[in-house]
Amino acid sequence: FTADQQMKSLSSVLPFYQGFHGEKGGSKNCYGANGAYVYVKVPVGTLVKEDGKVVADLTQHGEEYVAAYGGAGGKGNRFFLSNENRAPTLFTPGEPGQERVLNLELKTTAHAGLVGFPNAGKSSLLRAISSAKPAVGAYPFTTLNPHVGIVRYQDYEQVAVADIPGLIKGAHQNRGLGMAFLRHIERCRFLLYVVDLSVSQPWIQLQDLKYELEQYKKGLSERPCVVIGNKIDLAQSRINLPLLKEQIDDRVIALSALTGDNLEELLLHLRELYDTYVKTEQSRGQSPVKW
């Protein structure tokens, strides 16, 4: 398996692969050629599992994992040459290649993850700040698969933002889309909590979101974040905004994904979060994920 940043899903991976056969040896003591390598491209962020155990975690572009080895070649006539047998006809066949059953699981690798309940406006927001085109609709679980949008800046830096399927209470117990949502959040370096400002007590949404993340994996809710109060174009949202700011300590950016109001503030802060992430990784001697 080879991790390739151009691959965005596992949909092109076949259920069965077989390596190429080697060639038989020839006359004049010629060795047979080895079988050619088979490379299977997978997205960056792919987990390789065998019997439920993780055997490889491909998190960097170009990273490789040998899924199966070919069998050793056999011994030709010359191996059996001796003073007593000057024209041997004995040989041994090559061994069969390794066979394995492996499971692949993709955990979306993005810089930022949009976290929110269904219909909070995550997909609309991703459409507004990037060229991604996730489905948008007024019913739960419009987004059934993660979508990654790329936010491009004038200095050619690119920030990947993942719109991850909305969760419900009890997602850490695999309710709703459950683990299908939560496993993708693990790879996000910082989080964008999207709350619907038009509902009563929007800060309750934030508390519930952080609770679900923390129950799934300790420390997940403590990652760098910003709270996005969506639907500020509605009258009730403008009433709830100061109440939300009073209830929480995190930075709040009020905007409307529908009308585009105040998207600039989000884009500027998104870049600040990205730059902080890059500096932190470099200070640790690690390479930050680039898109």
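Details of the structure are given in the entry above.
Note that the coordinates shown come from a computational prediction; the quantities given were computed from them, not determined experimentally.

Thresholds, definitions, all that
- Residues numbered from 1 in each chain as written.
- Predicted model: local features only at pLDDT ≥ 70, side-chain atom pairs only at ≥ 80, totals over all residues.
- Heavy atoms only, no water.
- Salt bridge = Lys/Arg side-chain N within 4 Å of Asp/Glu carboxyl O.
- Helix = DSSP H or I, 4+ residues; strand = E, 2+ residues; numbered from the N terminus.
- Buried < 20%, exposed > 50% of the residue type's maximum accessible area, 1.4 Å probe, protein only.
- Pairing = 2+ DSSP bridges.
- Axes fitted to C-alpha atoms, helices over the stretch in contact; angles between N-to-C directions.
- Expected span 1.5 Å × (residues − 1).
- Patch = residues over 30% accessible without salt bridge, like charges linked within 9 Å, V, L, I, M, F, W, Y side chains within 5 Å.
- Areas by Shrake-Rupley, 256 points an atom, 1.4 Å probe, with all protein chains shown as cover.
- Parallel < 35°, antiparallel > 145°, perpendicular 65-115°, else oblique.
- Contact = heavy atoms within 4.5 Å.
- Arc of directions from axis to C-beta.

Student: Please explain the pattern of salt bridges as it appears in this structure.
Tutor: Pairing between side chains of opposite charge can happen when the charged atoms of each approach one another. Under the criterion given, the structure shown has 11 salt bridges. For E265, the salt bridge goes to R251, with nearest N and O atoms at 3.2 Å. With a gap of 14 residues between them, E265 in helix α5 (residues 263-283) and R251 in the loop between α4 (235-247) and β11 (252-254) connect regions that are remote in the sequence. Residue classification places E265 among the partly exposed positions, given a relative accessible area of 27%. A network of salt bridges, in which partner residues are shared, links D155, R271 and D275.

Student: Could you clarify how one ought to interpret the sheet that holds strand β4 (residues 53-58) in this entry?
Tutor: Two orientations exist for strands paired in a sheet by backbone hydrogen bonds: parallel and antiparallel. Read from one edge to the other, the open sheet built from 3 strands follows the order β4-β3-β5, with strand pairing classed as antiparallel. Bordering the open sheet on either side are β4 and β5 (103-106), each of which pairs with just one other strand. Here the strands of the sheet are splayed against their neighbours by 25 degrees on average, with no regard to which way each runs. Sheet analysis places strand β3 (residues 46-50) next to β4, joined by 5 bridges and oriented antiparallel. Each residue of the ladder has a partner; that of L47, found in β4, is D57.

Student: What's the story with α5 in this structure? I'm lost.
Tutor: Given 3.6 residues per helical turn, the α-helix brings residues three or four places apart onto the same face. With 21 residues, α5 should reach 30 Å at 1.5 Å per residue; the first-to-last C-alpha distance of 31 Å fits that figure. Along α5, the residues classified as buried are L263, L266, H269, L270, R271, L273, Y274, Y277, V278 and E281. Directly after α5, the chain includes G285, whose backbone phi takes a positive value near 80 degrees.

Student: What am I meant to see in a nonpolar patch on the surface here?
Tutor: Nonpolar side chains collect at one region of the surface, where L14, Y17, F20 and V38 lie side by side and expose about 390 Å² of accessible area between them. You can see Y17 is positioned in the loop between β1 (2-3) and β2 (41-42). Judged by relative accessible area, Y17 falls into the partly exposed class, the value being 35%.

Student: What should I look at first to understand the packing of helix α1 (residues 122-129) against α5 in this one?
Tutor: Axis angle and axis distance: for two packed helices, these are the angle between their axes and the distance between the axes, and together they describe the pair. The N-to-C vectors of α1 and α5 enclose an angle of 80 degrees; their axes lie 11 Å apart at closest approach. In terms of axis orientation, α1 runs roughly perpendicular to α5. The segment α1 lies against α5, with L125, A128 and I129 engaging L263, L266 and L267.

Student: Help me understand α1 in this model?
Tutor: K122, S123, L125, L126 and I129 are the residues of α1 that are buried. Down the axis of α1, the buried side of the element spans an arc of 160 degrees, and every buried residue falls inside it. Where α1 is buried, its residues contact β6 (112-115), β7 (147-152), β8 (158-163), β9 (190-196), β10 (225-230) and α5.

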